[in-house]
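Residue-level structure breakdown
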Amino acid sequence: MARHTFFCVDGHTCGNPVRLVAGGGPRIEATSMFERRQKFIAAYDWIRTGLMFEPRGHDMMSGSILYPPSSDDYDVGVLYIETSGCLPMCGHGTIGTVTMAIEEGLLTPQTPGVARLETPAGLVLAEYEMDGEYVASVKLTNVPSFLAAEGLEIDCPHFGRLTFDVAYGGNFYAIFEPQENFAGVGTVDVDTLVQVSPKLRTLLNEAYEMVHPVNPGIRGITHLQWTGPATQPEADARNAVFYGDKAIDRSPCGTGTSARMAQLHGKGLLKVGDSFTHESVIGSLFEGGVKEEVLVGTKRGIIPTIKGWAVKTGTSIITLDERDPYMTGFSV
Ligand code: PYC
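So, here's what we can say about the structure.

Reading the values: rules and limits
Residues numbered from 1 in each chain as written. Predicted model: local features only at pLDDT ≥ 70, side-chain atom pairs only at ≥ 80, totals over all residues. Heavy atoms only, no water. Helix = DSSP H or I, 4+ residues; strand = E, 2+ residues; numbered from the N terminus. Rg over C-alpha atoms; globule rule 2.2 N^0.38 Å. Buried < 20%, exposed > 50% of the residue type's maximum accessible area, 1.4 Å probe, protein only. Contact = heavy atoms within 4.5 Å. Areas by Shrake-Rupley, 256 points an atom, 1.4 Å probe, with all protein chains shown as cover. Pairing = 2+ DSSP bridges. Core = buried A, V, L, I, M, F, W, Y, C linked by side-chain atoms within 4.5 Å. Phe/Tyr/Trp six-rings, centres within 6.5 Å; stacked < 30°, edge-to-face > 60°. Near = heavy atom within 4 Å. Polar contact = N/O pair within 3.5 Å; in protein donor to acceptor, adjacent residues only side chain to side chain. Nonpolar A, V, L, I, M, F, W, Y, C, P; charged D, E, K, R; others polar. Expected span 1.5 Å × (residues − 1). Bend = angle between axes of the 7 residues up to and from the residue.

Once that is clear, we can look at the overall build of the protein. Along its length, the protein carries 4 helices and 17 strands. Its C-alpha atoms give the protein a radius of gyration of 19 Å, near enough to 20 Å, the size a compact globule of 332 residues would have. Viewed in the frame of its principal axes, the protein has a C-alpha envelope of about 55 × 45 × 35 Å. Out of the 332 residues in the protein, the part that is buried amounts to 56%. Taking all contacts inside the protein whose residues are at least 6 apart in sequence as the whole, residues at least 24 apart take part in 64%. Working note: accessible area of the protein is about 13,500 Å², and carbon and sulfur atoms make up 50% of it.

Set out below in structure tokens:
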């Protein structure tokens, strides 16, 4: 019966938690972070569930483990761990990971000020600005993002018939804009969204198959984005992203904002050079931008940028004890 120990730096990005595992993660030989993610899911998912769920985490918990990259083209490899699984990419998680890794000396990019990250979804650039010894902000240049489908329909428990689009920004998002049966984020309470979303996500994936055109290993709608009008003067829109089984992102959601910009670009509502400031359910903001247009397979898409901030909230040494019946975590 062993005890497994993990050295973690805890923090949050615009309100959403990030637990960076700085030591104790499993050694996994792989030729890419995508392959390492597959091997981690197959053999070590108990580490994710133990570190993310109660009693050591909670429904919104999210984090990362740093790995040596597969080539000198990158500064570091990032594996995302979350209550929803091992995401291909996580925006708020990346902003928090880069902030804490730079501040704690865990990451020294070849070019100071720009970290080249190998994520399971591909290369993500993280440009960070310092304020003395602390990181003031991180701007991500995210993976190619695209509008995957528009004007789809589904019969939703509670709300009734809903129309939605699907866009990819590092994960697949079903995006629900205000409409006859959904009055929008701000008018519908968050508890209702948490109740409705998991059942709705199952129905969406039964009805529609989403597969990444270049990497078929990335498939399925994992996140739901409920949108509404902004409440902050600087913001263009507000959103509540549902992930896992009970989580609403407290940050404006990096991959969600990327997906939203790809959706708006695909509909002719955003163009290269435009900015898009996104507000979260707690009022925190990410500054988004459309950097350039790209082709993703045969799909027209964009390279989005996302800028936000994070702070360290503490350090923790966490033990997973094999005698503990709740070693791998639980959710009620
Ligand atoms: O920021 O990309 C993100 C994210 C995904 C799930 C929670 N946050």
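Bridge count for strand β1 (residues 3-13) against strand β17 (residues 310-321) is 11 bridges, and the pairing is antiparallel. By the bridge assignment for β17, His-4 is matched with Leu-320. Of the strand pairs in this sheet, β1 and strand β2 (residues 16-23) are connected by 7 bridges, and their pairing is antiparallel. When the bridges of β2 are listed, Phe-7 appears paired with Gly-23. The turn joining β1 and β2, which pair antiparallel and follow one another in sequence, is formed by 2 residues; a positive phi near 50 degrees is taken by Cys-14.

Core analysis: the largest hydrophobic core is formed by 69 residues, its most contacted members being Phe-176 and Trp-226. With 6 residues, the single largest contributor to this core is strand β8 (residues 145-156). With near-sequence residues (within four places) excluded, Trp-226 lies in contact with Phe-159, Leu-162, Phe-176, Phe-182, Val-185, Leu-193, Val-196, Ser-197, Leu-200, Arg-238, Asn-239 and Ala-240. In this structure, Phe-6, Met-33, Ile-47 and Met-327 belong to the second largest nonpolar core, which totals 18 residues.

So, about the packing of aromatic side chains. Given two aromatic rings, their pairing is described by the distance between the two centres and the angle made by the two planes. All chains considered together, the criterion is met by 11 aromatic pairs. Taken together, the aromatic side chains of Phe-159, Phe-164, Phe-176, Phe-182, Tyr-208 and Trp-226 make up a single cluster linked through ring pairs.

Taken together, Glu-82, Leu-87, Cys-90, Gly-91, His-92, Tyr-173, His-223, Tyr-243, Asp-249, Cys-253, Gly-254 and Thr-255 make up all the residues around the ligand. Gly-254 is positioned such that a nitrogen or oxygen atom in its backbone is 2.7 Å from an oxygen atom of the ligand. Burial of the ligand by the surrounding chains reaches 100%, relative to a free accessible area of 240 Å². Those elements that place two or more of their residues in the shell around the ligand are α2 (91-103) and α4 (254-266). Across the shell around the ligand, the residue classes break down as 5 nonpolar, 5 polar and 2 charged.

With that settled, consider the pairing of strand β12 (residues 237-243). Most of β12 is tucked away, with 7 of its 7 residues classed as buried. Burial of β12 is two-sided: the residues Ala-237, Asn-239, Val-241 and Tyr-243 facing one way and the residues Arg-238, Ala-240 and Phe-242 facing the other way are all buried. Direction of pairing for strand β11 (residues 221-228) relative to β12: antiparallel, over a ladder of 5 bridges. Residue pairing across strands places Leu-224 opposite Phe-242, the latter belonging to β12. Relative to strand β13 (residues 247-248), β12 is paired through 2 bridges, and the arrangement is antiparallel. Considered in β13, the bridge of Phe-242 is made with Ile-248. In this structure, the hairpin formed by β12 and β13 is closed by a connection of 3 residues, where Gly-244 is found at a positive phi of approximately 60 degrees.

With that settled, the discussion passes to helix α3 (residues 190-207). The end-to-end C-alpha distance of α3 is 25 Å, a good match for the 26 Å that 18 residues give at a rise of 1.5 Å each. The sharpest bend along α3 comes to roughly 35 degrees, located at Ser-197, with the proline Pro-198 sitting one to four residues further on. Turning to α3, its buried residues number three or more, namely Thr-192, Leu-193, Val-194, Val-196, Ser-197, Leu-200, Arg-201 and Leu-204. Against β8, β9 (160-168), β10 (172-176), β11, β12 and β13 lie the buried residues of α3. Where α3 starts, the residue carrying a side-chain oxygen 3.2 Å from the main-chain nitrogen of Asp-191 turns out to be Asp-189.

Quick look at the side chain of Ser-251 now. Note that Ser-251 resides in the loop between β13 and α4. We classify Ser-251 as buried; its relative accessible area is 1%. Polar side-chain contacts of Ser-251 include one of 3.0 Å to the backbone nitrogen of Cys-253. Apart from the residues within four sequence positions on either side, Ser-251 is in contact with Thr-13, Cys-14, Asn-16, His-92, Ser-280, Ser-284 and Phe-286.

It is worth spelling out α4 at this point. Taking 1.5 Å as the rise per residue, α4 with 13 residues should run 18 Å; its terminal C-alpha atoms sit 18 Å apart, in good agreement. Among the 13 residues of α4, 12 are classified as buried, and the element is accordingly described as predominantly covered. Within α4 the residues assigned to the buried category are Gly-254, Thr-255, Gly-256, Thr-257, Ser-258, Ala-259, Arg-260, Met-261, Ala-262, Gln-263, Leu-264 and His-265.

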